[in-house]
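# Secondary and tertiary structure notes
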Amino acid sequence: MELPAQLRQGVDALLEGTPLAALKDAGKALSGRYRAEVRDGRLHMADDLAVKAYLAQRLPATFAAVRAAMGALEEARPGFSPATLLDIGAGPGTALWAASDTWPSLGRATLLEASAPVRAAGQALAREMPVRCDWLSGDATLALPAIEAADLVTLAYVLDELPPASLPKLVDRLWALTAGTLLVVEPGTPAGWRRILDVRAQLIAAGGHVTAPCPHHAACPLAAPDWCHFSRRVARSRLHRLAKDADVPWEDEKFIYLAVSREPATAPNAARVLAPPRAGSGKVALKLCRPDGTAVERLFTKRDGEAYKAARRADWGDAL
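Residues numbered from 1 in each chain as written. Predicted model: local features only at pLDDT ≥ 70, side-chain atom pairs only at ≥ 80, totals over all residues. Heavy atoms only, no water.

Time to look at the packing of aromatic side chains. Taken as a whole and judged by the stated rule, the model has four aromatic pairs. Within the aromatic cluster, the residues linked to one another by ring pairs are Phe230, Phe255 and Tyr257. Here Arg233 stacks its cationic end above the ring of Trp250, 3.5 Å away from the centre of that ring. (Phe/Tyr/Trp six-rings, centres within 6.5 Å; stacked < 30°, edge-to-face > 60°. Lys NZ or Arg CZ within 6 Å of the ring centre and 35° of its normal.)

As a further point, take a negative patch on the surface. On the surface, Glu74, Glu75, Asp315 and Asp318 cluster together into a patch of negative charge. In this fold, Asp318 is placed in the segment after helix H10 (306-313). Classification of Asp318 as partly exposed rests on a relative accessible area of 31%. (Patch = residues over 30% accessible without salt bridge, like charges linked within 9 Å, V, L, I, M, F, W, Y side chains within 5 Å. Areas by Shrake-Rupley, 256 points an atom, 1.4 Å probe, with all protein chains shown as cover. Salt bridge = Lys/Arg side-chain N within 4 Å of Asp/Glu carboxyl O. Lys, Arg positive; Asp, Glu negative; His and termini not counted. Charge placed at Lys NZ, Arg CZ, Asp CG, Glu CD. Helix = DSSP H or I, 4+ residues; strand = E, 2+ residues; numbered from the N terminus. Buried < 20%, exposed > 50% of the residue type's maximum accessible area, 1.4 Å probe, protein only.)

Attention now moves to the layout of surface pockets. In this structure, the second largest pocket spans a volume of roughly 280 Å³. In terms of lining, the second largest pocket is formed by 19 residues, of which the most central are Thr211, Ala265, Ala267, Pro268 and Asn269. Contributions of two or more residues to the lining of the second largest pocket are made by helix H4 (59-76) and strand S6 (209-212). (1 Å grid on protein atoms, 1.4 Å probe; cavity = no way out; pocket = protein on both sides within 12 Å on 5 of 7 lines; lining within 4 Å. Points joined across faces, edges and corners; volume = space filled by probe spheres on them.)

Within the structure shown, the criterion is met by one cavity of 30 Å³ or more. Taken as a whole, the largest cavity holds about 150 Å³ of empty space. Residue lining of the largest cavity: 17 residues in total, with Trp193, Pro213, Cys214, Cys220 and Cys228 positioned closest to the centre. Mapped onto the lining of the largest cavity, the elements with two or more residues apiece are helix H8 (190-205) and strand S8 (250-261). Here the lining of the largest cavity takes four residues from H8, the largest share from any one element.

Counting residues in each nonpolar core, the largest one holds 81 residues, and the members touching the most others are Met70, Leu96, Leu152, Val185 and Tyr257. In terms of residue count, the dominant contributor to this core is H4 (nine residues). The contacts of Met70, once residues within four sequence positions are left out, are Ala95, Ala98, Ala99, Thr102, Trp103, Leu152, Thr154 and Leu183. Ranked by size, the runner-up nonpolar core spans nine residues in total, among them Val273, Val284, Leu288 and Ala314. (Core = buried A, V, L, I, M, F, W, Y, C linked by side-chain atoms within 4.5 Å. Contact = heavy atoms within 4.5 Å.)

It is worth spelling out the side chain of Thr18 at this point. Inspection of the secondary structure assignment puts Thr18 in the loop between helix H1 (5-15) and helix H2 (20-36). One polar contact links Thr18 to Lys52, side chain to side chain, over a distance of 3.3 Å. (Polar contact = N/O pair within 3.5 Å; in protein donor to acceptor, adjacent residues only side chain to side chain.)

This brings us to unusual backbone geometry. The linkage connecting Ala212 with the following residue, Pro213, adopts the cis geometry, with an omega of 0 degrees. Following the sequence through the fold, Pro213 ends up in the loop between S6 and strand S7 (230-235). Notably, Tyr157 is not glycine yet its phi reads approximately 55 degrees, a positive angle. Within the fold, Tyr157 resides in the loop between strand S4 (150-156) and helix H7 (167-176). Overall, the relative accessible area of 11% leaves Tyr157 in the buried class.

To continue, consider the environment of Gly79. Along the chain, the position of Gly79 falls in the loop between H4 and strand S1 (84-88). Considering only alpha carbons, one finds Gly79 and Gly89, 10 residues apart in sequence, at a separation of 27 Å.

Here Phe300 shows up in strand S12 (residues 295-301). For Phe300, a relative accessible area of 2% corresponds to the buried category. Along the chain, Phe300 and Leu182 lie 118 residues apart, while their C-alpha atoms are 34 Å from each other. Not counting residues up to four positions away in its chain, the partners in contact with Phe300 are Gly282, Lys283, Val284, Leu286, Leu288, Ala307, Tyr308, Ala311 and Leu320.

Attention now goes to the state of the cysteines. In total, this model carries zero disulfides according to the counting rule given. We note that Cys220 lacks a disulfide partner, and the nearest cysteine sulfur, in Cys228, lies 6.1 Å from it. (Disulfide = S-S within 2.5 Å.)

Helix length check: H8, at 16 residues, gives a terminal C-alpha distance of 23 Å against a target of 22 Å (1.5 Å per residue), a fit within 8%. The set of residues buried in H8 consists of Gly192, Trp193, Arg195, Ile196, Val199, Arg200, Gln202 and Leu203. Of the surrounding elements, those touching the buried residues of H8 are H7, strand S5 (178-187), S6 and S8. A positive backbone phi angle near 100 degrees is found at Gly207, which sits one or two residues after H8. (Expected span 1.5 Å × (residues − 1).)

What follows is about the environment of Leu55. In this fold, Leu55 is placed in helix H3 (residues 48-57). Judged by relative accessible area, which is 3%, Leu55 ranks as buried. Sequence-wise, Leu55 and Leu15 are 40 residues apart; in three dimensions their C-alpha atoms are separated by 8.1 Å. If near-sequence neighbours (up to four positions away) are discounted, Leu55 is found in contact with Val11, Leu14, Leu15, Pro60, Pro92 and Leu125.

Running from N to C, H7 and H8 cross one another at 50 degrees; their axes reach a closest spacing of 10 Å. Here H7 is positioned oblique relative to H8, judged by the angle of their axes. Where H7 crosses over H8, the handedness of that crossing is right-handed. Contacts from Leu167, Pro168, Val171, Asp172 and Trp175 of H7 reach H8 at Arg195, Val199, Gln202 and Leu203. Broken down by class, the residue content of the contact of H7 with H8 amounts to six nonpolar, one polar and two charged. (Axes fitted to C-alpha atoms, helices over the stretch in contact; angles between N-to-C directions. Parallel < 35°, antiparallel > 145°, perpendicular 65-115°, else oblique. Left-handed = near helix turned anticlockwise from the far one by under 90°. Nonpolar A, V, L, I, M, F, W, Y, C, P; charged D, E, K, R; others polar.)

This is the structure we're talking about:
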């Protein structure tokens, strides 16, 4: 997956003239904070250089993860055409670009972001978008400003930055602002999965309908050390490779997500592929989360006919 051409061109313009060594140093510091899930009260992207490091090193991967999650939501709810978006912890507008790429119906977006340099970058990138954007300054852990409910509410790569005690109140507030679907995306780590499970339980108790990735409302059938997550391959630009001292022209972004809607999905529940398929001659084994609440590994062979053909086409994260 690649960034949309307009977004890529905007990023290149913002990064023009920035020394590569400075991008590398700022990127290492930023990555260290993310990996350690530092919560010291400081913003991860508090200055222009940190924002540029994010644009060079992290934006392609986070865009790919959010876009993949939205693709799964679109598949589960083919009639869902959001006209409005509310993005909390918007960063430089990653979810805005992913939503616009997924749903041409999107016409207005409200984006809440605490960092002034990040908001400035996001506004510059979105200046030519055919979406009316209202950028707000605010801290997701505090009382949110007066905001109208939106068809699609997103919280992408944010929970890992917030104090755990603040999450239930935030989730309640976001669900109240959700007119259609709430989408949460987190890093595909065991800790990210556990945060998603907490949000999932809270929203089910509030009457939400899990739309994706889970094909059921039962307890997650996976148990540690196993965990649910997915992966998306991301194309690296030349600058992306140089900024990360990378040799290969791609990277794999691991992520976990949850889409919960006010209305049940219109498409029939389908099993979800939970791991890379293991294919052999005339057979393929898939690890599946099934609508009955169980997780199993199933072997498909040519004797299974059309089911085998579908299994051969399936990839990690697909509905089957």
